[in-house]
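One letter stands for each residue in the lines below.
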Amino acid sequence: MKRPLEDSADYVIVGTGAGGATAARVLSATGASVIMVEEGPSLAPHERSRGLLDAMGESMRDLATVTTSSPAPLPLLLGRCVGGSTAINSGIIWRLPEAVRAAWASMHGMHELLEPAALERVFGTLETELEVSEVSDDVLGGNGLLMKVASDALGLPGRAMRRNAKRCVGNARCLQGCPEGARQSMDSSYIPRALHQGARLHALCRASRVVLDGTRATCVQGETLDPVTRAVTGRFEMHARRAVIVAASAIYTPLLLWRSGLRRGVGDDYQAHPGAAVVGRFDRQVGMGFGATQAYEVPLPERGVKLESIALPPELLATRLPGAGEEWQRDLRRLDYFAQFCAVVRMGAHGSVRPGLWGGPKVRYEPLPDDLRRLKESVALLVRMMFAAGAVEVYPGVASVPERMTHPEQAELIVADHVRRNDFHLMASHHFATAKVGLDPAHSALSPELQVRGVSGLYVMDASALPTNLGVNPQHTIMAVAWRAAERLANMQRPSLRAA
Ligand SMILES: Cc1cc2nc3c(=O)[nH]c(=O)nc-3n(C[C@H](O)[C@H](O)[C@H](O)COP(=O)(O)OP(=O)(O)OC[C@H]3O[C@@H](n4cnc5c(N)ncnc54)[C@H](O)[C@@H]3O)c2cc1C
Ligand code: SF4
């Protein structure tokens, strides 16, 4: 039998997304040796496919077919490539809201990790290193501009987004991976930096379990994968002298922990920010194909909702158009006349993640009545915004109301009692809390230092560790929490060392 691929280092990190890559960047800067293990491929910007399906096949997990197992399945979007979900995200940057920080510090024991001055320092460093800036007028694009017009007209607190893409040239392709290398996703920023600092990357390596020696994590085992077919080609063993860090996302980290026999509090409290989108048709060209993929936003924290402009590639936009036959073809001929806005809801629902069929997850999650109420109100508001921006026709994407609306008053139909959750095409790309930090050992998989309870040398540093959802785009918070935890780990093991 073929010998397994073997390597060893001070730290073995599983997953190279927001959490894993940040941990690698911090730990490798201390002089420690670091191995990164990633299931997906490593793709340079110029290697990314231009076609939508090819690009999604390369970088998105299972071509975006991971869903919840409810009667109306909720698609769960995740990256599977070096850079993780950051490689295919829109680059929107938000600091952790103070109210959420305070709750995590006081109720979940994170006061040390989230100490305000330390957090301020880390957010500042992240923003400098990841080139965070406000979307400039020249790449606001037609879609973003229309949301600004709507927001101004309705007196909403709109603003240009802050993104980690100062050099964005606005080709509206973020969700397929930035072909310009302009967006500072982890594959373009912290992974190259960690490699430069001596870290090693094993792409196309899928971890199947963390090996324990007694109560100490010592090794990660898994399978190597074929770059084209993704079939298993062999096995690997990565030995960790100091610690194993799991950062495989809030959907896949709990699966890895379960397979390693670690189940207490794991996968029990899945939370998300599901969203829905509304399309508007205008009597003049919008030009959704130009501009930052996401450029303008209206945060409404008091309602637990965030409204965002979001450009779609033409292949996906076509699937959002109602009608059939000649009617649909007529809309197809004027694809450049459409705009799209979405609403992202901080839902109160709690679900679960467990191992499912063929190695995939079984995710249970169902929005609560109050989540549905806020969803309806925000989709109705999006319809009114489209009209306020000058749309001649709006497609709300809600099954039980007219598929084409021509007057803003029709938005009221969406909040009617007969409109149900199953009428909405929801989607979620922000996942949380499936191996969360907490004070109560019975209900939290991790200690406040992000260590898996009862196991030394095993940490979780990704979105799973966050105690709750947060109401804003999460990557910046995930990076900051991973940074603080990695820094603490480095300082604990080498007290004289300050993580750079
Ligand atoms: C389409 C999309 C758009 C988004 N837009 C934004 C945005 O604009 N701003 C924002 O703040 N957030 C955005 N997000 C969310 C953000 O990207 C995620 O919250 C964040 O990347 C999660 O970080 P993570 O470290 O938990 O996991 P991920 O970044 O998902 O990384 C996990 C990595 O682990 C790997 N992995 C999983 N299992 C294994 C295994 N067994 N072995 C080896 N490797 C494994 C995966 O392949 C993946 O690369 C978006 C997400 C998506 C999907
Ligand atoms: S809009 Fe285009 S250039 Fe700008 S960050 Fe996204 S993919 Fe890159």
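## Describing the overall build of the protein chain
Reasoning step 1: Assigned secondary structure in the protein chain consists of eleven helices and 19 strands.
Reasoning step 2: Computed over C-alpha atoms, the radius of gyration of the protein chain comes to 22 Å, within 12% of the 23 Å expected from 2.2 N^0.38 for 500 residues, which places it in the range of a compact globule.
Reasoning step 3: By principal-axis analysis of the C-alpha atoms, the protein chain measures approximately 65 × 45 × 45 Å.
Reasoning step 4: For the protein chain, the share of sequence-separated contacts (at least 6 apart) that also reach a separation of at least 24 residues comes to 73%.

## Points about the site of ligand 1
Reasoning step 1: As a structural note, the neighbourhood of ligand 1 is formed by 41 residues, with G15, G17, G84, N89 and N473 the closest of them.
Reasoning step 2: Secondary-structure elements contributing two or more residues to the shell around ligand 1 are α1 (18–29), β7 (205–213) and α11 (475–493).
Reasoning step 3: A per-class count over the shell around ligand 1 returns 17 nonpolar, 19 polar and five charged.

## Section: the site of ligand 2
Reasoning step 1: Around ligand 2, the surrounding shell holds 15 residues, and the nearest of these are C168, N171, C174, C178 and R183.
Reasoning step 2: Per-class residue counts for the shell around ligand 2 are eight nonpolar, four polar and three charged.

## Here we look at the packing of helix α4 (residues 116–129) against α11
Reasoning step 1: Across the interface, α4 lies against α11 with an axial gap of 10 Å and an inter-helix angle of 120 degrees. Here α4 lies oblique to α11, going by the angle between them. By crossing handedness, the relation of α4 to α11 is classed as right-handed. Facing α4, whose interface residues are A118, L119, V122, F123 and L126, α11 presents H476, M479, A480, W483 and R484.
Reasoning step 2: Here the contact of α4 with α11 is composed, by residue class, of eight nonpolar, one polar and one charged.

## Some points on the nonpolar core
Burial of nonpolar side chains together is a common tendency in soluble globular proteins.
Reasoning step 1: Ranked by size, the top nonpolar core spans 164 residues in total, and within it I13, A24, V34, V383, M386 and M461 carry the most contacts.
Reasoning step 2: Two domains each put at least three residues into this core: domain 1 (5–65 + 72–89 + 94–129 + 185–266 + 433–493) and domain 2 (134–174 + 275–346 + 368–423).
Reasoning step 3: Among all residues touching V383, those that are not within four sequence positions of it are V278, V394, P396, M405, A411 and I414.

## Some points on the domain arrangement of the protein chain
Reasoning step 1: Taken as a whole, the protein chain is organised into domain 1 (5–65 + 72–89 + 94–129 + 185–266 + 433–493) and domain 2 (134–174 + 275–346 + 368–423).
Reasoning step 2: Look at where the C-alpha atoms of domain 1 and domain 2 centre, and you get two points 32 Å apart.
Reasoning step 3: At the interface, seven residues of domain 1 touch ten residues of domain 2.

## Points about helix α2 (residues 52–59)
Reasoning step 1: Here α2 has its buried residues at A55, M56, E58 and S59. One side of α2 carries all its buried residues, which in axial view fall inside an arc of 160 degrees. More than 90 degrees from the buried face of α2, the exposed residues found are L53 and D54.

## Notes on the confidence of the model for the protein chain
Reasoning step 1: Mean pLDDT over the protein chain: 95, with 98% of residues reaching 70 or higher.
Reasoning step 2: When the criterion is pLDDT under 50, residues 496–500 qualifies, and its contacts beyond four places in sequence or with other chains add up to eleven contacts.

## Things to note about the sheet that holds strand β14 (residues 338–345)
Reasoning step 1: On the basis of which strands lie adjacent, the open sheet formed by six strands has the order β4-β12-β13-β14-β11-β17 and antiparallel pairing. Each end of this open sheet is capped by a strand with a single partner; those strands are β4 (159–160) and β17 (393–395).
Reasoning step 2: The sheet contacts of helix α10 (residues 369–388) involve β11 (275–281), β13 (305–309), β14 and β17, and relative to β14 the element is tilted by about 155 degrees.

## Description of unusual backbone geometry
Reasoning step 1: Residue A64 is not a glycine yet carries a positive backbone phi of 65 degrees.
Reasoning step 2: Relative to the helices and strands, A64 resides in the loop between α2 and α3 (98–107).
Reasoning step 3: One non-glycine residue, R230, lies in the positive phi region at around 65 degrees.
Reasoning step 4: Assignment of secondary structure puts R230 in the loop between β8 (216–225) and β9 (232–246).
Reasoning step 5: What makes R230 partly exposed here is the crowd of 15 C-beta atoms within 10 Å.

## Some words on the environment of L312
Reasoning step 1: Summarising the element assignment, L312 is placed in the loop between β13 and α8 (314–319).
Reasoning step 2: Judged by the 24 C-beta atoms lying within 10 Å of it, L312 is buried.
Reasoning step 3: Ignoring anything within four residues of it in the chain, the contact list for L312 reads M288, L317 and Q340.

## Some thoughts on α4
Reasoning step 1: A rise of 1.5 Å per residue sets the reference length of α4, with its 14 residues, at 20 Å; its end C-alpha atoms lie 20 Å apart and thus fit the reference within 8%.
Reasoning step 2: Residues of α4 that are buried include every one of L119, V122 and L126, and no others. End-on view of α4: buried residues confined to an arc of 65 degrees, all on one side of the axis. Facing away from the buried surface of α4 by more than 90 degrees, the exposed residues are P116, A117, E120, G124 and T128.
Reasoning step 3: Against the buried residues of α4 lie α11.
Reasoning step 4: Two residues or fewer after α4 comes E131, characterised by a positive phi angle close to 55 degrees.

Cut-offs used in this document
- Residues numbered from 1 in each chain as written.
- Chains lettered and ligands numbered in written order.
- Predicted model: local features only at pLDDT ≥ 70, side-chain atom pairs only at ≥ 80, totals over all residues.
- Helix = DSSP H or I, 4+ residues; strand = E, 2+ residues; numbered from the N terminus.
- Rg over C-alpha atoms; globule rule 2.2 N^0.38 Å.
- Contact = placed C-beta atoms within 7 Å.
- Near = placed C-beta within 6 Å.
- Nonpolar A, V, L, I, M, F, W, Y, C, P; charged D, E, K, R; others polar.
- Axes fitted to C-alpha atoms, helices over the stretch in contact; angles between N-to-C directions.
- Parallel < 35°, antiparallel > 145°, perpendicular 65-115°, else oblique.
- Left-handed = near helix turned anticlockwise from the far one by under 90°.
- Core = buried A, V, L, I, M, F, W, Y, C linked by C-beta atoms within 7 Å.
- Buried ≥ 20, exposed ≤ 12 C-beta atoms within 10 Å, placed from the backbone.
- Domains from an automatic or database assignment.
- Arc of directions from axis to C-beta.
- pLDDT = per-residue confidence, 0-100.
- Pairing = 2+ DSSP bridges.
- Expected span 1.5 Å × (residues − 1).

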